[in-house]
Amino acid sequence: MMSKSERIPVLLIIAGLAIPSVGLAQQPAHLAKLPSPANAVHLTLEQAKELALTNNKQLELGRLNVQEKQIAIDAAKTDYLPKLLGSATYLHFNRDLGTVVATRDRSIGGAQIGPGGNIQVPSVTIPGKTVTANVVNQDSAFGALIVAQPITKLIGVSALVDLARADACIASAQLEKGTRDLLSGVGQAFYGLVAVRRIHAALSLQAGMLEPILQAQPSAELRLAYLEVRKGKVDSEKQMVELTDLLNQLLGLPAGTCLELTEPSVPIATVASADDAALQALSSNPQICEAQQNITKAQAGLKAVRMERLPDVNIVAAYGAQNAADYIQPNFSTIGVTGSYLFVDWGKRRMVKHQRETQLAMAHRNVDAVAESVQLEARKAYAAFKQTSEQLTIANEFVAAHQQAEKGAKDAATMMTLKGATAKAQLEQMMAELNYRVAHAKLAAAIGHP
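Scoring rules and cut-offs
- Residues numbered from 1 in each chain as written.
- Predicted model: local features only at pLDDT ≥ 70, side-chain atom pairs only at ≥ 80, totals over all residues.
- Heavy atoms only, no water.
- Disulfide = S-S within 2.5 Å.
- Buried < 20%, exposed > 50% of the residue type's maximum accessible area, 1.4 Å probe, protein only.
- Helix = DSSP H or I, 4+ residues; strand = E, 2+ residues; numbered from the N terminus.
- Expected span 1.5 Å × (residues − 1).
- Pairing = 2+ DSSP bridges.
- Axes fitted to C-alpha atoms, helices over the stretch in contact; angles between N-to-C directions.
- Core = buried A, V, L, I, M, F, W, Y, C linked by side-chain atoms within 4.5 Å.
- Parallel < 35°, antiparallel > 145°, perpendicular 65-115°, else oblique.
- Left-handed = near helix turned anticlockwise from the far one by under 90°.
- Nonpolar A, V, L, I, M, F, W, Y, C, P; charged D, E, K, R; others polar.
- Phe/Tyr/Trp six-rings, centres within 6.5 Å; stacked < 30°, edge-to-face > 60°.
- Salt bridge = Lys/Arg side-chain N within 4 Å of Asp/Glu carboxyl O.
- pLDDT = per-residue confidence, 0-100.
- Contact = heavy atoms within 4.5 Å.

A closer look at the state of the cysteines
A disulfide bridge is the covalent bond that connects two cysteines by way of their sulfur atoms.
Now for step 1: Per the counting criterion, the structure on display carries zero disulfides.
Now for step 2: Left without a disulfide partner, Cys-169 is nearest to the cysteine sulfur of Cys-289, which lies 6.1 Å away.
Now for step 3: On the basis of relative accessibility, which here comes to 34%, the residue Cys-169 falls in the partly exposed class.

This is the structure:
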């Protein structure tokens with residue numbers, strides 16, 4: 001008779017979701033295999049992983065994120081090149097603007113003989129003439145083409161390119177981590193679904209054996225055992241539905257797709273010690289890569305702040321056209337250098353520089369912290385794997401011992417008792433093997449071999 005702890009399996013963590021799992025072991029020859037639907041999708045573990053890599057929507061989003069960051073790098077690099085700017089302006093004033101005086105008033109005298117024989121010249125005044133001349137025409141148009149090449153700002157452009165590259169590397173690291181988590185989750189869900197189906201088959205066999213015995217020899221103990229088996233069957237059926245839905249989601253298959261899974265062989269360890277696991281985890285862990293790229297981002301931010309202390313210098317070439325002033329050439333060109341500098345900012349640049357230096361120090365410390373965490377997780381994963389390996393060995397020996405004890409049974413009652421004990425040991429063996437497989441999947445993900 002199964003106890004509550006034997007019916008309710010351990011908790012699996014797959015892709016950030018907590019799902020119930022069950023035990024998995026080498027299926028005894030006498031256990032009936034569940035019939036597979038005609039439209040079931042047949043999959044091995046490797047095929048399931050390939051399908052997940054192809055169809056999983058979260059991975060697709062991760063790939064698009066990497067692509068977007070790569071485009072951002074190319075966009076940042078364009079600021080190294082000169083910029084061509086164009087402008088056009090049309091203005092209509094309410095009247096002509098400005099006048100210019102062209103001549104002054106002038107007097108002209110004529111000759112004549114006056115009293116006493118004096119010659120007199122009459123005066124004639126010629127008024128001055130005012131000529132209208134617009135300083136700015138009433139209808140004025142301006143146009144210009146300007147080529148500007150930044151000089152000192154190229155340091156800031158370099159910092160922006162470094163930031164874009166760091167973001168792209170971080171996106172790639174996050175995609176790698178997501179891929180590892182997905183493959184590990186697919187493996188765990190795959191193992192769990194195979195296991196729960198086999199446990200369901202074992203419980204169905206036990207229920208089929210107990211039912212006629214209970215009818216022939218009704219007793220409270222047999223009835224409780226039969227009810228426990230029936231309850232275990234209901235629990236396993238619920239878990240089969242949940243695991244199938246989860247695996248379909250991870251693989252990108254439509255909900256309700258029937259899966260026929262090929263049981264994989266029992267995996268073996270790829271590392272020999274906890275130290276070996278920690279070293280392999282350090283060499284390839286995407287979280288460390290992401291933390292290192294945060295150092296690059298902090299360095300780029302510090303470079304950009306230092307650039308703010310330099311004057312803003314640009315080389316400029318321009319071509320202009322205008323009809324606003326008739327006394328100026330309608331077309332002209334120019335080339336030169338412009339510069340500007342911010343003299344007083346009340347200490348803002350100094351404070352931002354200290355902020356960036358603090359961020360850089362934090363990024364360095366974060367790399368050390370992440371490396372310690374990664375090593376610790378790898379060591380814990382290896383320890384869990386070793387523990388489940390020993391538990392599986394013991395479970396296998398228990399099954400072999402019970403099967404050997406059955407051979408010495410001398411009466412039917414003793415044989416039934418021994419067979420019940422063997423069935424219980426086989427269920428424990430299934431759970432021990434699943435725990436072993438799940439621990440192996442977690443260890444493989446921790447060291448970078450999902």
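There's plenty left to go through after this.
Remarks on helix H5 (residues 220-251)
Now for step 1: The terminal C-alpha atoms of H5 lie 46 Å apart, and with 32 residues this matches the ideal 46 Å at 1.5 Å per residue to within 8%.
Now for step 2: Remark: Gly-252 follows H5 within two positions and exhibits a positive phi of approximately 75°.

Section: the sheet that holds strand S4 (residues 83-92)
Now for step 1: On the basis of which strands lie adjacent, the open sheet formed by four strands has the order S4-S11-S13-S14 and antiparallel pairing. Bordering the open sheet on either side are S4 and strand S14 (331-340), each of which pairs with just one other strand. In this sheet, neighbouring strand axes are inclined to one another by 20° on average, regardless of whether the strands run parallel or antiparallel.
Now for step 2: Where S4 lies against strand S11 (residues 139-150), ten bridges are found, and the strand directions are antiparallel. Among the inter-strand pairings, Ala-88 is bridged to a residue of S11, identified as Gly-143.

A word on the nonpolar core
Soluble globular proteins tend to pack their nonpolar side chains together in the buried interior.
Now for step 1: Judged by nonpolar contacts, the single largest core of 28 residues is most densely connected at Val-186, Phe-190, Leu-193, Leu-247, Leu-251, Leu-259 and Leu-261.
Now for step 2: The dominant element in this core, judged by the number of residues it contributes, is helix H4 (residues 154-216), at eleven residues.
Now for step 3: Core analysis: the next-biggest nonpolar cluster, separate from the first, contains 26 residues, Val-271, Leu-360, Tyr-382 and Ala-439 among them.

Points about the pairing of S11
Now for step 1: Relative to strand S13 (residues 312-322), S11 is paired through nine bridges, and the arrangement is antiparallel. Bridged to Gly-143 within S13 is Ala-321.

A look at the packing of H4 against H5
Now for step 1: At a minimum axis distance of 8 Å, the contact between H4 and H5 shows a crossing angle of 155°. The orientation of H4 relative to H5 falls into the category roughly antiparallel. For the pair H4 and H5, the crossing hand works out as left-handed.
Now for step 2: For the contact of H4 with H5, the residue count by class is 21 nonpolar, nine polar and five charged.

Re the packing of aromatic side chains
Now for step 1: What the rule picks out here adds up to two aromatic pairs.
Now for step 2: For the pair Tyr-341 and Phe-343, a centre-to-centre distance of 4.9 Å together with 75° between the ring planes defines the contact as edge-to-face.
Now for step 3: Overall, the relative accessible area of 35% leaves Tyr-341 in the partly exposed class.
Now for step 4: Between Phe-385 and Tyr-436 the ring centres are 5.0 Å apart and the planes differ by 40°, which places this aromatic pair in the tilted class. Here Tyr-436 lies in helix H9 (residues 412-447) and Phe-385 lies in helix H8 (residues 348-406), a separation of 51 residues in the sequence.

Regarding the pattern of salt bridges
Now for step 1: Counting across every chain of the model gives 16 salt bridges.
Now for step 2: Linking Lys-353 and Glu-357 is a salt bridge whose minimum nitrogen-to-oxygen distance equals 2.6 Å. Residue Lys-353 and its partner Glu-357 are located together in helix H8, separated by four residues, close to a single helical turn.
Now for step 3: Connected through shared salt-bridge partners, Arg-198, Glu-263, Glu-433 and Arg-437 make up one network.

Here's the deal with the environment of Val-313
Now for step 1: Position of Val-313 among the secondary structure elements: in strand S13.
Now for step 2: For the pair Val-313 and Pro-150, spaced 163 residues apart in the sequence, the C-alpha separation amounts to 6.3 Å.

Details of the confidence of the model for the protein
Now for step 1: Residues at a pLDDT of 70 or more form 84% of the protein, whose mean pLDDT is 82.
Now for step 2: Across the protein, element-level confidence peaks in helix H3 (residues 57-77) with a mean pLDDT of 93 and bottoms out in strand S1 (residues 11-14) with 27.
Now for step 3: Low confidence marks residues 1-34, where pLDDT is under 50. Its contacts with residues over four positions away, or in another chain, come to 97 contacts.

Some words on the environment of Ala-395
Now for step 1: Relative to the helices and strands, Ala-395 is located in helix H8.
Now for step 2: The class of Ala-395 is buried, set by a relative accessible area of 9%.
Now for step 3: Considering only alpha carbons, one finds Ala-395 and Ala-425, 30 residues apart in sequence, at a separation of 7.1 Å.
Now for step 4: Those residues in contact with Ala-395, other than ones at most four positions away along the chain, are Glu-428, Gln-429 and Ala-432.

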